Amino acid sequence: MSKKISNIARLGISCLKNADNPYFNSKYADLGAVVDALKEPLEKEGLGYYFSILNISANPSGDGWFWQVIITVVDLETGKTEGTSAFPITCLEPQKFGSNVTYAKRYLLTTVFNVIAETDDDGNATVPQPKREPKVLNKAKDFFN
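Here we summarise the structure given alongside this text. (Residues numbered from 1 in each chain as written. Predicted model: local features only at pLDDT ≥ 70, side-chain atom pairs only at ≥ 80, totals over all residues. Heavy atoms only, no water.)

## A closer look at the overall build of the protein chain
What the protein chain contains, in helices and strands, is 4 helices and 5 strands. The N-to-C order of helical and strand elements in the protein chain reads α-β-β-α-β-β-β-α-α. Taken across its 145 residues, the protein chain has 28% of its residues classed as buried. Here the analysis covers contacts within the protein chain between residues at least 6 apart in sequence; of these, 55% occur between residues at least 24 apart. With the model as given, the accessible surface of the protein chain reaches about 9,800 Å², and the carbon-plus-sulfur share is 54%. (Helix = DSSP H or I, 4+ residues; strand = E, 2+ residues; numbered from the N terminus. Buried < 20%, exposed > 50% of the residue type's maximum accessible area, 1.4 Å probe, protein only. Contact = heavy atoms within 4.5 Å. Areas by Shrake-Rupley, 256 points an atom, 1.4 Å probe, with all protein chains shown as cover.)

## Remarks on the side chain of threonine 110
Tracing the backbone shows threonine 110 in helix α3 (residues 94-112). In this structure the side chain of threonine 110 is engaged in a polar contact, spanning 3.1 Å, whose partner is the backbone oxygen of tyrosine 107. Ignoring any residue separated from it by four or fewer positions in sequence, one finds threonine 110 in contact with Val34, Val115 and Ala117. (Polar contact = N/O pair within 3.5 Å; in protein donor to acceptor, adjacent residues only side chain to side chain.)

## Observations regarding helix α2 (residues 31-45)
Its 15 residues place the ends of α2 21 Å apart at the C-alpha level, agreeing with the 21 Å of an ideal helix rising 1.5 Å per residue. Ala33, Val34, Leu38, Pro41, Leu42 and Glu45 are the residues of α2 that are buried. Residue glycine 46 follows α2 closely and has a positive phi angle near 75°. (Expected span 1.5 Å × (residues − 1).)

## Thoughts on the pattern of salt bridges
For the coordinates displayed, the defined rule picks out 4 salt bridges. Where glutamate 77 meets lysine 4, a salt bridge forms, and the shortest distance between an N and an O atom there is 3.3 Å. Placement of glutamate 77 in the loop between β4 (65-75) and β5 (81-89) and of lysine 4 in helix α1 (residues 2-10) is noted, with a sequence separation of 73 residues between them. Residue class for glutamate 77 comes out exposed when judged on its relative accessible area of 64%. Counted as one network, the salt bridges with shared partners bring together Lys4, Asp75 and Glu77. (Salt bridge = Lys/Arg side-chain N within 4 Å of Asp/Glu carboxyl O.)

## Topic: unusual backbone geometry
You will see that asparagine 114, though not glycine, has its phi angle at about 55°, which is positive. Structurally, asparagine 114 is set in the loop between α3 and α4 (139-144). The exposure class assigned to asparagine 114 is partly exposed, which follows from its relative accessible area of 40%.

## Remarks on the packing of aromatic side chains
Inspection of the entire model under this criterion finds 5 aromatic pairs. With centroids separated by 5.5 Å and ring planes inclined at 70°, the aromatic side chains of tryptophan 67 and phenylalanine 97 adopt a geometry described as edge-to-face. In this pair, tryptophan 67 sits in strand β4 while phenylalanine 97 sits in helix α3, placing the two residues 30 residues apart along the sequence. Taken together, Phe87, Tyr103 and Tyr107 form an aromatic cluster joined through their ring pairs. (Phe/Tyr/Trp six-rings, centres within 6.5 Å; stacked < 30°, edge-to-face > 60°.)

Note that all results are geometric; they support no functional claim without further evidence.
Written out as structure tokens, the structure is:
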């Protein structure tokens, strides 16, 4: 099955970047775009995947619960599983937790199958940035200037 995963990864699939990140002034592919981009290659290779969420109890730093979103790749012909990877989540507020799960799913899919789903920022996102408000344009003024 590693060969099948590698076959997909070598394609260098690029997704439609259909969402905006106003804080970093960049575009990215949302989870739906990543899933759509992978449908045909996964079907061709006979692979599927599923996600699960595990509670790993207390966060090692002691400040709350620690969860992991896990992706498991399945060979649909043999039923064997491989490529299990995890993404940690520590937030328990329902909407933030759900948002983090969606984020984790997108990142796990793009990582396992080498999908290009966002603009490369050369690691700038790892450096604290001042919060930027989205720019609101005065249409008439900006149109004529």
